[in-house]
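Here is how the chains run, residue by residue.
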Amino acid sequence: MSFDFIDLFAGIGGMRLAFQDAGGTCVFSSEWDKDSQKTYEANFGELPAGDITKIEVDEIPNFDVLLAGFPCQPFSTIGQRAGFKHETQGTLFYDVLRIISAKRPTSFLLENVKGLVSHDKGNTFETIKKCLSKEGYELYFQILDSADFGVPQVRKRIYIVGFDKSKFKGEVEFSWPSP
């Protein structure tokens, strides 16, 4: 299977590796951290675009799948949990939504800390689900721990998967991997 994807908040490219291994071609990446950009470039031979808030949607090529591990610090149980009110990182989900809304990918995978689910008594996560559902995506979400999949690290994360209902006939067949 071949498909095109974009890698937002790319870090050093961890999610990209899995999607490349599955037959995907990365057509755009974005990462603002200069050290992460250097490592990403060393790993993949391309320098990611910078700050996603300054990138216009028409600068992003068309793609099938959106990947985004949007910043987790505003939602983490470690820290102040400023959420959407965090001055620099709290609203970056809305940049993901802006791109989803304009580009209409077939599907997306979002990743964040498990604290996103309980932040602001669950209101933050409800807002995210409502926004994505309103765009016409069927959503699946689950907290998974990397240690359950052979990674030598306890790292519990919420994964949100969405499929554009207009591009699928009937219900999407999706299941989470088994530990």
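Just above, that's the structure.
As a starting point, this report considers the structure included with it. Just so it is clear, the model here is predicted, and its values are computed rather than measured.

1. Re helix α2 (residues 34–44)
1) Next: Taken together, the buried positions of α2 are occupied by Ser36, Gln37, Tyr40 and Phe44. Buried residues in α2, looked at end-on, bunch into an arc of 100°, giving them a common side. Relative to its buried face, α2 has exposed residues pointing more than 90 degrees away, namely Lys34, Asp35, Lys38 and Ala42.
2) Next: Here the buried face of α2 lies against β1 (3–8), α1 (14–21) and β2 (24–30).
3) Next: The residue sitting at the N-terminus of α2 and contributing the capping side-chain oxygen is aspartate 33; that oxygen lies 3.3 Å from the backbone nitrogen of aspartate 35.
4) Next: One or two residues past the end of α2 sits glycine 45, with phi positive at roughly 75°.

2. Points about the side chain of arginine 157
1) Next: Tracing the backbone through its elements, the reader meets arginine 157 in strand β6 (residues 156–164).
2) Next: A residue is classified by how much of its surface remains accessible, and arginine 157, at 12% relative accessible area, is buried.
3) Next: At 3.1 Å, the side chain of arginine 157 and the side chain of glutamate 111 are in polar contact.
4) Next: Non-local contacts of arginine 157, meaning those with residues more than four positions away in its chain, are made with Glu111, Asn112, Val113, Lys114, Gln142, Ile143 and Leu144.

What counts and what doesn't
Residues numbered from 1 in each chain as written. Predicted model: local features only at pLDDT ≥ 70, side-chain atom pairs only at ≥ 80, totals over all residues. Heavy atoms only, no water. Buried < 20%, exposed > 50% of the residue type's maximum accessible area, 1.4 Å probe, protein only. Helix = DSSP H or I, 4+ residues; strand = E, 2+ residues; numbered from the N terminus. Arc of directions from axis to C-beta. Contact = heavy atoms within 4.5 Å. Polar contact = N/O pair within 3.5 Å; in protein donor to acceptor, adjacent residues only side chain to side chain.

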